[in-house]
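Residue strings, one per chain:
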Amino acid sequence: MTWTDPSCPVARSVDLVGDRWSLLVIRDAMDGARSFTAFQQRTGIARNILSDRLRRLTAHGLLTQIDAPSGKRRLYELTDAGRDLFPVVVALRQWGERHAFAAGEAHSVLTDDRGALLPELVVTAADGTPLTSTNTRVEHVE
C-alpha cells in the first residue's frame, strides 16, 4: 500500500478506514452485523462496493471471516484492531450529535448496557487536564 503521508498516523488511519463506507461497515459490525446481507441492508451500499470494503477491511486486519453455524456462508467479525476503533466511532457520533443535526432533530443514541447515555469523550493529559488542538502539538519526524 502507498501511504498518503507515511509518517502521519492520522493519514495512515484515513488510508485504511477513512472512506464513508468502511466506517459504516465497522459501525454496523460493532452493532452486531455479521453477514454480507446484513451489512448491505443496514447501509444500502451497492453490492460491488460492499464486497470491496469487506475485502479491504479483512486484508488490513480489521475484520476476519468465520464460518457461519450453518456452514453455508462466511460471516465477518471484528478483530482486536477493528474493536479498537470503538472510541473513534463514538467520537464521530458525538461530533455528529453536536454539529450534524438541527436542535431537537431526532437521531439514534448510543447507550451503555444499563441504558444510560455515554458521557462526552474528552481527551485528557495524564493529570486529567483536558487536551485540545490549542494545547497539544505534533512532533514531526525528520
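Above this note sits the structure.
These numbers come from a predicted model, not from an experiment.

A. Representation of the pairing of strand 2 (residues 74-78) within the structure. Pairing analysis gives five bridges linking strand 1 (residues 63-67) to strand 2, with the strands arranged antiparallel. Following the sheet pairing, Asp67 is matched in strand 2 by Arg74. The turn linking strand 1 back onto strand 2 is made up of six residues, and Gly71 within it adopts a positive phi angle of 80 degrees.

B. Looking closely at the nonpolar core. Residues Val25, Ile26, Phe39, Leu50, Leu54, Leu57 and Leu63 are the most contacted members of the largest nonpolar core, which totals 19 residues. Contributions of two or more residues to this core are made by helix 2 (20-30), helix 3 (36-43), helix 4 (47-59) and strand 2. With four residues, helix 2 is the largest single contributor of residues to this core. Excluding anything up to four places from it in sequence, Leu50 contacts Val25, Phe36, Phe39, Gln40 and Ile45.

C. Just the packing of aromatic side chains, in detail. Per the counting criterion, the structure on display carries one aromatic pair. Aromatic pair Phe39 and Tyr76: ring centres 6.3 Å apart, planes at 70 degrees, arrangement edge-to-face. Of this pair, Phe39 sits in helix 3 while Tyr76 is found in strand 2, placing the two residues 37 residues apart along the sequence. Each of the two residues, Phe39 as well as Tyr76, counts as buried.

D. Representation of the side chain of Thr43 in the model. Its location among the elements puts Thr43 in helix 3. Within the local environment of Thr43, its side chain forms a polar contact with the backbone oxygen of Phe39, the two atoms lying 2.7 Å apart. At 3.2 Å, the side chain of Thr43 and the backbone nitrogen of Ile45 are in polar contact. Ignoring sequence-local partners within four residues, the contact set of Thr43 consists of Trp21, Leu24, Arg27 and Asp28.

E. Broad picture of helix 4. Compared with the 18 Å implied by 1.5 Å per residue over 13 residues, the 18 Å span of helix 4 between its first and last C-alpha is a close match. Among all positions of helix 4, only Leu50, Arg53, Leu54 and Leu57 are buried. Down the axis of helix 4, the sector holding all buried residues measures 100 degrees, keeping them to one side. Turned more than 90 degrees off the buried face of helix 4, the exposed positions are Asn48, Arg55 and Ala59. Two residues or fewer after helix 4 comes Gly61, characterised by a positive phi angle close to 80 degrees.

F. The arrangement of helix 3 in detail. Restricting attention to buried positions, one finds in helix 3 the residues Phe36, Ala38, Phe39 and Thr43. Down the axis of helix 3, the buried side of the element spans an arc of 165 degrees, and every buried residue falls inside it. One or two residues past the end of helix 3 sits Gly44, with phi positive at roughly 75 degrees.

Basis of the calculations
- Residues numbered from 1 in each chain as written.
- Predicted model: local features only at pLDDT ≥ 70, side-chain atom pairs only at ≥ 80, totals over all residues.
- Heavy atoms only, no water.
- Pairing = 2+ DSSP bridges.
- Helix = DSSP H or I, 4+ residues; strand = E, 2+ residues; numbered from the N terminus.
- Core = buried A, V, L, I, M, F, W, Y, C linked by side-chain atoms within 4.5 Å.
- Buried < 20%, exposed > 50% of the residue type's maximum accessible area, 1.4 Å probe, protein only.
- Contact = heavy atoms within 4.5 Å.
- Phe/Tyr/Trp six-rings, centres within 6.5 Å; stacked < 30°, edge-to-face > 60°.
- Polar contact = N/O pair within 3.5 Å; in protein donor to acceptor, adjacent residues only side chain to side chain.
- Expected span 1.5 Å × (residues − 1).
- Arc of directions from axis to C-beta.

These values are about where atoms sit, not about what they do.
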